[in-house]
Amino acid sequence: MAVASLQDILQHLRQHTNTDRIELSTFRDNVRLVVPKEYLYLVLQFLKERYGFDMLIDITAVDYLNYPDARHRFGVVYCLLNTVSGQRLIVKTYLDEPDLALPSAFSLWKAADWLEREVYDMFGIVFEGHPDLRRILMAEWFTDYPLRKDYPLRGRGERHDFPVITRAES
Amino acid sequence: MPLELVETWDEQIDTKQYLWTLNFGPQHPATHTTLRLILTLDGEKVVKAVPDIGYLHSGFEKLGEDLNYNQYVTIVDRMNYISPVANEIAWHHVVEKLLGIEITPRCKFIRTILAELARISDHCLNIGTAALDLGAFTPFLYAFYQRELIYDIIQEASGQRFHPSYTRVGGLMFDVRDEWIRKVREFVRSFPKAHSDIHRLLTRNRIFVERTKGIGILPRELAINLGCTGPVARASGVVRDLRKDEPYLAYGELRDSFQVVCGQGGDCYARYLVRMEEMLESLKIIRAAIENLPSGPVNVDVESKAVLPAKPATWRTIEGLIQHFELIMTNRGFETPQEEIYGAIESPNGELGYYIVADGTDRPYRCRTRPPSFVHFAVFPYLAVGHQVSDMVAILGSLNIIAAELDR
């Protein structure tokens, strides 16, 4: 399978979603599509089914709180890969408080399961339609979102409140 | 024993009146590191497996936002501590991609050799411990002796055995000596014998084969859908290796010296075989690279404002002193573009990627790791169902989960 031309993908996507708000940019060898979040699921589905991006490499998020010239609070990044042609594509969408919800990509790629749980755990971004959206790395009773920029590097003293089991109780 | 009656949720298994819950880990000798599985059992058969992770979460990504591009290499080392050099190479590969630095040919070759040694050491540990969990003790000792030799080589290069922190932006901490080259050649000569010893002990060993063949089958479509990479995906027939598909370092030049190893079964035995063969391919790469090791500087030109100048230049020339000062002072350092980049290399476990957001300063604004262990452990519930409790150990061993990388 030949590598699909980027302009073709962009044209097709704009037709498919009926909007011009999808933008394409490149940096070094990375190709990025910036998509409004309403169209995110539509775009991901289209890329998977029409252009064969069958592997979801990574989902991650960035908190742009102190970033110079940032217009949005959060960015969520999907790294896609076409395992046949080897083409890579990064799909990015922006989110602002208070509406931190995105459609889950679990129905397209099962790999999204844990990756979305980690983004939820670290940034508090909710993925609607995810089968089991629980915290994955932090403890269940943890209330903050540690990778947000307004969370201090040394924590908020949660470790002092850890339940301690004494030798007599164990 | 913590046994508890669980309600059945499926009509079909209604006739089986009770299912048991078994807590596997977090401190179980076969998990090797700290991870936990909650298994729902029907007799000895696993009906459902729910992994519970996070015991080793140490906030590495948060720490990365507070350290500069050179300092973070010490943290990256401690993610996959089975092959730390591979992590360092991945990290600085992506940083150099971000800064647009093209490293010198000598550095490329040295890094390639180190990356392949890391792959051999990782596969040795994986095969050794997987066999150990299935009751074969001797291959474990053979494999660990080879790992010891690799540690010696890494120590010769960097001065540190386990967490060398050897790479720097635009080069290496320092160049290797002739003694290092001699040791690598010696290893290339001696390794095939140890490899064939392990081969003869395991590959046709009836116990080992029966415990791994047909266990934990991962079909090709599922492997792609779940995002598997590396030996796990290649054992399921996904022909993909970043060393061939997106050549980095010296792999482009050494393209003809190695082949991509793929399997078809997708079971634990196929994953074992793929790892065994990959070690020999790695050895071919090392052999080709060490005999063609270019001369010349190991760091990029000082003009690039990324590497520290050599010590004599710092002490005796004003330009060297200024350059040194510029990089060391806390309010100076690198100039980075305000950009974001994703880059990846083929680590022993699979695709190890970093997503770096740079904000112009010498510290990453965000440095996401794409850990292969994390993605591969998500596969575990799909592989575990239908097998017995004792097979969990075989499946865990074949996926090569490193908890420090899993939880970061």
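Being a predicted model, the structure only gives us computed values, none of them experimental.

Caption draft 1: Geometry of the interface of chain A and chain B. Chain A puts 28 residues into the contact, and the matching count from chain B is 34 residues. Among the elements of the structure, strand E3 (55-63), strand E4 (74-81) and helix H3 (112-123) of chain A are those that each provide at least two residues to the side of chain A that touches chain B. Looking at which element gives the most residues to the side of chain A that touches chain B, the answer is E3 of chain A, with 6 residues. Looking at side-chain class alone, the side of chain A that touches chain B contains 19 nonpolar, 4 polar and 5 charged residues.

Caption draft 2: Spotlight on helix H2 (residues 40-51) of chain A. Residue and element names in this part refer to chain A. The terminal C-alpha atoms of H2 lie 16 Å apart, and with 12 residues this matches the ideal 16 Å at 1.5 Å per residue to within 8%. Residues Val43, Leu44 and Leu47 constitute the buried set of H2. What you see down the axis of H2 is that its buried residues fit within an arc of 100 degrees, all on one side. Residues of H2 that are buried in the fold lie against helix H1 (6-17), E4 and strand E5 (88-95). Looking one or two residues past H2, Gly52 carries a phi angle of roughly 70 degrees, positive in sign.

Caption draft 3: Representation of the nonpolar core. Counting residues in hydrophobic clusters, the biggest one holds 166 residues, and the most contacted among them are Leu56 and Leu80 of chain A together with Ile356 and Ile395 of chain B. Here the element with the most residues in this core is helix H4 (residues 105-133) of chain B; it accounts for 15 residues. Not counting chain neighbours up to four residues away, the residues in contact with Ile395 of chain B comprise Ile215, Gly216, Cys268, Phe380, Leu383 and Ala384 of chain B.

Caption draft 4: Fine view of unusual backbone geometry. Omega for the peptide link from Glu97 of chain A to Pro98 of chain A comes to 5 degrees, which places this bond in the cis form. The phi dihedral of Asn400 of chain B is positive, around 55 degrees, even though this residue is not glycine. Looking at the secondary structure, you find Asn400 of chain B in the loop between helix H16 (389-399) and helix H17 (403-407). Note on Asn400 of chain B: 29 C-beta atoms within 10 Å, which makes it buried.

Caption draft 5: Quick peek at the sheet that holds strand E2 (residues 30-34) of chain A. All names here are of chain A. The strand order E1-E2-E5-E4-E3 describes an open sheet built from 5 strands, whose pairing is mixed. Strand pairing shows two members of the sheet lacking a second neighbour, strand E1 (23-27) and E3, which therefore form its edges. On average, each strand axis in the sheet is inclined to that of its neighbour by 25 degrees, with strand direction left out of account. Across 3 bridges, the pairing between E2 and E5 is parallel.

Caption draft 6: Focus on helix H3 (residues 84-99) of chain B. Residues and elements named next belong to chain B. Relative to the 22 Å expected for 16 residues at 1.5 Å per residue, H3 spans 23 Å between its end C-alpha atoms, a close match to the ideal helical length. Counting buried positions along H3 gives 16 out of 16 residues, so the element sits mostly inside the fold. In the stretch just after H3, Gly100 is the one whose phi turns positive, near 75 degrees.

Caption draft 7: Geometry of the pairing of E5 of chain A. Residues and elements named next belong to chain A. Strand direction decides the pairing type here: E4 and E5, joined by 8 bridges, are antiparallel. Along E5, the bridge assignment pairs Val76 with Thr93. Turn length for the E4-E5 hairpin, with the two strands adjacent in sequence and antiparallel, is 6 residues, and the turn residue Gly86 shows positive phi of about 80 degrees.

What counts as what
- Residues numbered from 1 in each chain as written.
- Chains lettered and ligands numbered in written order.
- Predicted model: local features only at pLDDT ≥ 70, side-chain atom pairs only at ≥ 80, totals over all residues.
- Contact = placed C-beta atoms within 7 Å.
- Helix = DSSP H or I, 4+ residues; strand = E, 2+ residues; numbered from the N terminus.
- Nonpolar A, V, L, I, M, F, W, Y, C, P; charged D, E, K, R; others polar.
- Expected span 1.5 Å × (residues − 1).
- Buried ≥ 20, exposed ≤ 12 C-beta atoms within 10 Å, placed from the backbone.
- Arc of directions from axis to C-beta.
- Core = buried A, V, L, I, M, F, W, Y, C linked by C-beta atoms within 7 Å.
- Pairing = 2+ DSSP bridges.
- Axes fitted to C-alpha atoms, helices over the stretch in contact; angles between N-to-C directions.

Remember that the coordinates give geometry; whether it matters functionally is a separate question.
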